[in-house]
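Topology and contacts: notes
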Amino acid sequence: MGAVSLPMVNPDAAGIDISASFHVVAVPMGRDEVSVKQFDAFTEDLHALSRWLKQCKITTVAMESTGVYWRPLFMVLIEAGFEVLLVNAKHVKNVTGKKTDESDAVWIQKLHSCGLLRSSFLPDDAMDTLRTFTRHRKKLLEDSSKYVLRMQKALELMNIKIHGTISDLMGKTGRAIVEAIIGGERNAEHFMEYVHSGIKASRETLIKSLTGNWRDEHLFTLAQNYDLYKFVHAQIDRCEAQIEQCLQKMAAVNNEGVVEAIGPKPQAEEAGTTSAKKKSVRKSKNQPSFNTKEYLYRIHGVDVTAICGISESTALELLAELGTDLSKFETEDNLVGWLNFCPNNKESGGKLISSKVKRLKAGNASKAFRAAANSIQRSDNYLGDYFRRMKAKGGNKYAIVATARKLSIIYYRMLTGKVEFCPIDVNEYRNKYKEDKIARLEKQLAKLKTAA
């Protein structure tokens, strides 16, 4: 039996095994005295690596994604003019045997030479900048919530039950009371002047909740955590200014290069007014301070926030993670697969053995769609009805993944086709489902009668 050979697709290909302190590079045999070299991860060594690849007449490079260690080398190689493929570590898994960094680099080089590797989805430079800022903003919001929890703990240790009577400790009322406590106020009656009219708890309950034992150590931790909370939110404001600059530049692409600032976010309409929109969304304090919706519309050409469950912050996160050009995903199924919203079908002998979704760590885009799906489970629209039906079928996690898949497909079609979201009437949707179910059951009944 003859040996199996694969065609040479990329003769000028190199493979790189990435690590934190050094990188191992493999080139085709005969390009230099040695075909495998090791370089340190310092900046001057990265440029030396690039020069060596040029000397070996390499045009395309493949490297596996290892943490964030690949990013500096990736940028150096891109600036030097190489075609760089960042590949999934599972796709370059070496054959069994002794595993070394050198053998991994050689294996990656061989696979890339035969054209067996595909590059992972990577954003362009503008998207990468926006992605960095939005991820940082998200981390800052998470940090601020930790300080709120610590403030609640300090109040609880003093037996101040304010967070049990006021839903948001950092709302208008809660913040004013916390500042008064830090300022030295101890009389529960005097706190009533800070209570907003929207607070449902009675005056007597509020007075009881604000009567406690004022211990100095807990007052100190309360004051420090409040100062840290304010500091973090000041940093969030600075981060949002950077995000807005990125959005202005991206919007300028569709405006003949003219950078225009968009006015502040319009004030929310009063409930019941004629100008209020049909889609009533509860305003979240974590939404960006600038007019995100208008920026997103100028960038995409469609209003993605019209999709049920997609808030302004979610849409901003999706823009940072997926970019504006979803044609990088050839079909909507490719996007669904990349987000890990599709079953991992395994067949053997013509039978389906397993169809579970892969147990992978969800990426930021996947988390955004899942959070959007979870937010509509009680909403009165066709997607909310679909969520509840899927929940009855397979549980809450099953429903989240199924609904997130629907949302991602809607998002893909809107951006690629430049069409606005047109929701299905919930009653029409329910009637259509009933008709389909009746037709399916009648078909099964007809089969049973034939078999009998």
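Residues numbered from 1 in each chain as written. Predicted model: local features only at pLDDT ≥ 70, side-chain atom pairs only at ≥ 80, totals over all residues. Heavy atoms only, no water.

Along the protein, the regular secondary structure elements total 15 helices and seven strands. A burial count over the protein gives 39% of its 452 residues as buried. In the protein, once contacts between residues fewer than 6 apart in sequence are set aside, the share between residues at least 24 apart is 64%. Of the accessible surface of the protein, which amounts to about 26900 Å², a share of 52% is contributed by carbon and sulfur atoms. (Helix = DSSP H or I, 4+ residues; strand = E, 2+ residues; numbered from the N terminus. Buried < 20%, exposed > 50% of the residue type's maximum accessible area, 1.4 Å probe, protein only. Contact = heavy atoms within 4.5 Å. Areas by Shrake-Rupley, 256 points an atom, 1.4 Å probe, with all protein chains shown as cover.)

Our focus in this paragraph is the packing of aromatic side chains. Counted under the stated rule, the structure contains nine aromatic pairs. Taken together, a centroid distance of 5.9 Å and an interplanar angle of 45° make the contact between phenylalanine 39 and tryptophan 52 tilted. Taken together, the residues span a long stretch of sequence, with phenylalanine 39 in strand 3 (residues 36-40) and tryptophan 52 in helix 1 (residues 43-55) at a distance of 13 residues. A relative accessible area of 4% means that tryptophan 52 is categorised as buried. Counting every residue linked through ring pairs, the aromatic cluster contains Phe121, Phe329 and Trp338. Lying over the aromatic face of phenylalanine 82, lysine 54 brings its terminal NZ or CZ to 5.0 Å of the ring centre. A cation over a ring is seen here: lysine 406 above tyrosine 386, with NZ or CZ 4.8 Å from the ring centre. (Phe/Tyr/Trp six-rings, centres within 6.5 Å; stacked < 30°, edge-to-face > 60°. Lys NZ or Arg CZ within 6 Å of the ring centre and 35° of its normal.)

Moving on to the side chain of aspartate 128. Along the polypeptide, aspartate 128 turns up in helix 4 (residues 125-157). For aspartate 128, a relative accessible area of 18% puts it in the buried group. Excluding residues that lie within four positions of it along the chain, aspartate 128 makes contacts with Arg71 and Pro123.

Here we take up the pattern of salt bridges. Side chains bearing opposite charge may pair, as long as their charged atoms lie close to each other. Taken as a whole, this structure holds 17 salt bridges when the rule is applied. The closest approach of N and O atoms between lysine 293 and aspartate 303, which form a salt bridge, is 3.8 Å. Taken together, the residues span a long stretch of sequence, with lysine 293 in helix 9 (residues 292-300) and aspartate 303 in the loop between helix 9 and helix 10 (312-322) at a distance of ten residues. By relative accessible area, lysine 293 is classed as partly exposed at 26%. Arginine 388 is paired through a salt bridge with aspartate 385; the nearest N and O atoms lie 3.9 Å apart. On the criterion of helical spacing, the pair formed by arginine 388 and aspartate 385 is a turn pair, its members being three residues apart in helix 13 (residues 382-394). Given a relative accessible area of 32%, arginine 388 falls into the partly exposed group. Taken together, the shared-partner salt bridges in this structure form one network comprising Asp380, Asp385, Arg388 and Arg430. (Salt bridge = Lys/Arg side-chain N within 4 Å of Asp/Glu carboxyl O.)

With 85 residues, the main nonpolar core has Leu130, Leu247, Leu322, Phe369 and Tyr411 as its most contacted residues. Residue contacts for phenylalanine 369: discarding those within four places in its chain leaves Leu318, Leu322, Leu339, Phe341, Ala404, Leu407, Ser408 and Tyr411. With 22 residues, the next largest nonpolar core counts Val25, Trp52, Phe74 and Leu77 among its residues. (Core = buried A, V, L, I, M, F, W, Y, C linked by side-chain atoms within 4.5 Å.)

This part takes up the confidence of the model for the protein. Per-residue pLDDT for the protein has a mean of 88; in total, 90% of the residues score no lower than 70. Under a pLDDT of 50 for its full length, residues 269-282 has, in the predicted model, eight contacts with residues more than four places off or in other chains. (pLDDT = per-residue confidence, 0-100.)

Sheet strands associate in pairs through backbone hydrogen bonding, adopting either a parallel or an antiparallel arrangement. Pairing is mixed across the open sheet formed by five strands, whose spatial order is 3-2-1-4-5. Of all the strands in the sheet, just strand 3 and strand 5 (83-87) have a single pairing partner and so form its edges. Each neighbouring strand pair of the sheet contributes to a mean axis angle of 25°, computed without reference to strand direction. Taken together, the five bridges between strand 2 (residues 22-26) and strand 3 define a ladder with antiparallel strand orientation. When the sheet's bridge partners are listed, valine 25 is paired in strand 3 with lysine 37. Along the sheet face, helix 1 touches strand 1 (13-18), strand 2, strand 3 and strand 4 (60-64) and points at about 155° away from the line of strand 3. Running over the sheet, helix 3 (residues 101-113) touches strand 1, strand 2, strand 3, strand 4 and strand 5 and is turned about 145° from strand 1. (Pairing = 2+ DSSP bridges. Axes fitted to C-alpha atoms, helices over the stretch in contact; angles between N-to-C directions.)

When you tally the buried positions in strand 2, you get four out of five residues, the bulk of the element. As judged from the four bridges shared by strand 1 and strand 2, these two strands associate in the antiparallel manner. Each bridged residue has a counterpart across the sheet, and for glycine 15 the counterpart in strand 2 is alanine 26. Here strand 1 folds back onto strand 2, and the loop between the two strands holds three residues.

The subject of this paragraph is the packing of helix 1 against helix 2 (residues 70-79). Where helix 1 contacts helix 2, the axes come no closer than 10 Å and their chain directions differ by 45°. Judged by the inter-axis angle, helix 1 sits oblique to helix 2. For the crossing formed where helix 1 meets helix 2, the hand is right-handed. Across from Leu46, His47, Leu49, Ser50 and Leu53 in helix 1, the residues of helix 2 making contact are Pro72, Leu73, Val76 and Leu77. Looking at the contact of helix 1 with helix 2, its residues break down into seven nonpolar, two polar and no charged. (Parallel < 35°, antiparallel > 145°, perpendicular 65-115°, else oblique. Left-handed = near helix turned anticlockwise from the far one by under 90°. Nonpolar A, V, L, I, M, F, W, Y, C, P; charged D, E, K, R; others polar.)

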